[in-house]
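The residues making up each chain are set out below.
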Amino acid sequence: MNRYNQQQGYVLVTVLIVTIVATLVALGGIAENRLQEQIGGNQQKEVNARMLAEKGIFNSFSYIKEQNELDSSLATIANGIPGRSIAGEFSLESVSLNGTLLSFVSKGTYQGAVAYLNAKVNVDDKQSIFEDGVVGCDGIDLSGSGKIDSYNSKNGQYGENNNAHNASVMTINSNADIALNGDAPIYGNINVNGDFSSTGSSELIGNVNAVGNINVSGGGNNRLTGDFSAGGNLTVSGLEIGGNGTIGGNIDYHSDTKINGSLTYGGDDLAGGDQSALAQSVLKDPNLWLPDFSAPPCDPMNIATQMAGFSKFNSNGTMDTNHWETADRAYEFTPDNAEMYDRKADNFIVDKAAQSLDILGESTKVHVFDNLAVKNGKINISGGDVVLVIKGDLTTSGGGPRIDIAAGSSLTIFVEGKVNIGSSGQVVAKGSITNTGKPPVSIYSSYASARDNDVGITLAGDTDMYASVYAPKSHVNVTGSGDILGALRGKTVAISGAGGMHYDEALADLQVKTNVKYTAFASLHYYYPTYE
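Let me begin by describing the structure that accompanies this report. (Residues numbered from 1 in each chain as written. Predicted model: local features only at pLDDT ≥ 70, side-chain atom pairs only at ≥ 80, totals over all residues. Heavy atoms only, no water.)

## Some details on the overall build of the protein
Where we set the bar: Helix numbering and strand numbering both begin at the N terminus, where a helix is a DSSP run of H or I of at least 4 residues and a strand a DSSP run of E of at least 2. When we talk radius of gyration, it's over C-alpha atoms, and the globule rule is simply 2.2 Å times the number of residues to the 0.38. Per-residue accessibility, obtained with a 1.4 Å probe over protein chains only, is compared with the maximum for each type, and a residue is labelled buried under 20%, exposed over 50%, and partly exposed between these values. Should any heavy atoms of two residues lie within 4.5 Å, those residues are counted as being in contact. Areas reported here follow the Shrake-Rupley algorithm with a probe of radius 1.4 Å; residue values treat only the protein chains shown as occluding.
In terms of helices and strands, the protein carries four helices and 43 strands. For 532 residues, the compact-globule formula gives about 24 Å, and the C-alpha radius of gyration of the protein, at 32 Å, lies well above that figure. Expressed along its principal axes, the backbone C-alpha trace of the protein runs to roughly 140 × 70 × 40 Å. Taken across its 532 residues, the protein has 45% of its residues classed as buried. Sequence separation of 24 or more characterises 49% of the internal contacts of the protein that already satisfy a separation of 6 or more. A total accessible area of about 25000 Å² is found for the protein, and carbon and sulfur atoms account for 47% of it.

Structure (structure tokens):
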């Protein structure tokens with residue numbers, strides 16, 4: 001009997017202990033839940049504060065962009081930023097102006113939580129005009145066999161240890177197509193404000209985005225390593241695709257097509273071979289949405305307006321190197337002086353001093369010629385940044401015409417007529433972007449092609465040449481077997497030779513004065529101020 005009573009006492013104590021432990025655990029869980037709720041609440045407040053800080057930044061950016069387009073001074077814009085604050089949401093503080101860079105802080109507040117977002121906005125009429133390797137405003141035709149890729153001249157000459165896959169190819173205006181008819185590999189992204197077609201055996205190392213249709217048929221090394229999208233239809237055969245596809249319309253494919261990623265389409269028809277072998281997954285989405293093509297302006301410099309007054313400049317006449325008296329020597333051009341032929345002068349050479357003229361809104365030393373003909377002769381560019389204005393044409397012809405640009409120097413040519421670098425012409429640059437931010441060779445053309453066969457820029461050299469060409473109103477034809485290093489922008493661009501096109505990535509940093517008001521974020525980051 002006593003043993004039984006003892007057992008009942010033991011059970012009672014055990015139950016009490018278990019109850020106490022369970023109560024403590026429950027209380028601990030409640031406390032933990034309350035803590036987690038507080039942490040979650042504080043995190044949500046922090047998120048809301050950040051969102052309000054971001055609202056202040058983008059509210060201010062819209063204001064800055066609007067005022068910039070209205071030609072308000074930077075000081076006026078800076079003084080107006082604090083007034084954009086909204087009580088209880090965000091305040092705009094610490095506004096400063098350094099050159100064309102506006103800096104300010106947006107302080108977002110929400111139920112005691114505070115977030116600080118620092119923004120720097122660049123407000124300028126200068127921007128990069130050579131961010132892409134090949135730009136054809138109205139279209140691009142590539143039927144050559146040379147490689148299209150990129151390199152960075154800051155790292156030395158193009159070669160095995162200095163090449164990359166950033167040579168983007170783009171059209172700008174509506175219905176501007178890109179046609180590939182050769183076997184030139186392209187190492188970079190392709191963006192088309194029209195249709196894209198490839199009927200050769202080009203290897204495409206990058207992404208392809210087309211507003212219109214994509215039509216690919218061919219063989220050999222025909223493959224696309226990246227993603228692809230089209231607002232229209234896809235017709236494809238003989239192509240291996242490494243990425244994902246998004247097609248707004250219908251799809252017609254051959255059984256030898258292979259997509260290693262997924263495929264989404266919004267049309268009614270999917271015609272072809274074994275669908276299970278076509279892609280990793282195939283999805284039909286009638287509500288498929290494709291983003292609009294955000295094309296930059298074709299001519300951000302408004303080159304015709306920039307060069308409108310050049311025809312009134314005093315000229316040195318026509319510069320012609322084809323004279324037997326100077327056949328064994330080069331003509332020397334520096335920023336201050338340019339040598340010209342003069343039958344009456346000693347040694348048949350006379351120095352012409354540069355003029356100080358307004359070029360792109362800046363006072364610049366310039367040599368002005370009616371025409372420049374490099375025939376059976378040579379011109380040396382040295383001593384810094386040499387600028388030429390040519391009211392007529394620039395041509396090279398004859399036996400070995402050559403323009404040499406010394407390291408650390410540059411040649412900038414503004415030409416109102418045509419440019420024709422013949423098959424024997426050589427333009428040799430020994431350096432990279434200069435310390436003053438100039439490419440080794442730049443050609444700015446205001447020539448406007450009147451017909452399809454009216455070619456304003458012809459590059460037919462059989463040796464490598466450096467050229468960053470800006471000719472948005474002119475047809476640009478590259479027909480030589482030598483490589484082009486630099487960048488090309490034309491009304492249309494046609495590359496049909498055996499030479500390659502190697503985009504110089506260093507050109508992306510080149511800032512040129514334009515007639516387009518430019519507003520862009522330079523940096524944007526959260527931070528927490530320290531208090532003493």
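## A word on the nonpolar core
To keep it simple, the criterion reads: Residue types Ala, Val, Leu, Ile, Met, Phe, Trp, Tyr and Cys, when buried and joined through side-chain atoms within 4.5 Å, form a set referred to as a nonpolar core.
Membership of the largest hydrophobic core comes to 99 residues, with the highest contact counts inside it found for Phe 196, Phe 228, Phe 333 and Tyr 444. Counting residues per element, this core draws most heavily on strand β40 (residues 465-478), which supplies eight residues. Each residue touching Phe 333, except ones within four places of it in the same chain, is listed here: Met 319, Ala 338, Glu 339, Phe 369, Ile 379, Asn 380, Ile 381, Ser 382, Val 386 and Leu 388. Listed in part, the 19 residues of the second largest apolar core include Phe 61, Phe 104, Ala 115 and Val 123.

## Description of the environment of Val 512
Inspection of the secondary structure assignment puts Val 512 in strand β43 (residues 512-527). Assessed through its relative accessible area of 5%, Val 512 is described here as buried. It is 7.0 Å that separates the C-alpha atoms of Val 512 and Ile 129, two residues lying 383 residues apart in sequence. In this structure, Val 512 is in contact with Asp 125, Lys 126, Gln 127, Ile 129, Met 301, Leu 360 and Tyr 444, ignoring residues within four places of it in sequence.

## A few points about the packing of aromatic side chains
Put simply, the test is: Classification of ring pairs rests on two measures: the distance between centres of Phe, Tyr or Trp rings, Trp counted by its six-membered ring, which must be within 6.5 Å, and the angle between planes, read as stacked under 30 degrees, edge-to-face over 60 and tilted in between. Any Lys NZ or Arg CZ that is within 6 Å of a ring centre and within 35 degrees of that ring's normal is treated as a charge sitting over the ring.
Here the structure, examined in full by the defined rule, presents nine aromatic pairs. Here the aromatic rings of Phe 61 and Phe 521 are separated by 4.6 Å at their centres, their planes lie at 20°, and the arrangement is stacked. Highlighted residues: Phe 61 in helix α1 (residues 2-69) and Phe 521 in strand β43, separated in sequence by 460 residues. On the basis of relative accessible area, Phe 61 is assigned to the buried category, the value being 16%. Look at Phe 521 and you get partly exposed, because its relative accessible area is 31%. An aromatic cluster is present here, built from Phe 310, Phe 313, Phe 414, Tyr 444 and Tyr 470 joined pairwise through their rings. Of note, Arg 50 hangs over the ring of Tyr 526, and the distance from its end group to the ring centre comes to 4.3 Å.

## Brief notes about the state of the cysteines
Let me state the cut-off plainly: Cysteine sulfur pairs qualify as disulfides if the two atoms are within 2.5 Å.
Enumeration according to the criterion identifies one disulfide in this entry. Through a disulfide, Cys 137 is tied to Cys 298; the S-S separation comes to 2.0 Å. The chirality of the disulfide connecting Cys 137 with Cys 298 is right-handed, given an S-S dihedral of about 90°. In this pair, Cys 137 sits in strand β4 (residues 134-142) while Cys 298 sits in the loop between β23 (281-284) and α4 (303-306), placing the two residues 161 residues apart along the sequence. A residue is classified by how much of its surface remains accessible, and Cys 298, at 15% relative accessible area, is buried.

## A closer look at the pattern of salt bridges
Formally: When a carboxyl oxygen of Asp or Glu is within 4 Å of a side-chain nitrogen of Lys or Arg, the pair counts as a salt bridge.
Counted under the stated rule, the structure contains 10 salt bridges. Where Lys 154 meets Asp 509, a salt bridge forms, and the shortest distance between an N and an O atom there is 3.2 Å. With Lys 154 in the loop between β5 (148-151) and β6 (169-171) and Asp 509 in the loop between β42 (501-504) and β43, this residue pair connects regions lying 355 residues apart in the sequence. Overall, the relative accessible area of 53% leaves Asp 509 in the exposed class. A salt bridge links Arg 402 to Asp 404; its shortest N-O distance comes to 2.7 Å. A relative accessible area of 25% means that Arg 402 is categorised as partly exposed. You can call Asp 404 buried: its relative accessible area is 8%.

## Examining a nonpolar patch on the surface
Condition: Only residues whose relative accessible area exceeds 30% and that form no salt bridge enter a patch; like-charged residues are grouped when within 9 Å of one another, and nonpolar side chains (Val, Leu, Ile, Met, Phe, Trp, Tyr) when within 5 Å.
Judged by side-chain polarity, Val 13, Ile 17, Val 21 and Val 25 come together as a nonpolar surface patch covering roughly 350 Å² of accessible area. Mapped onto the secondary structure, Val 25 falls in helix α1. With relative accessibility at 57%, the residue Val 25 sits in the exposed group.

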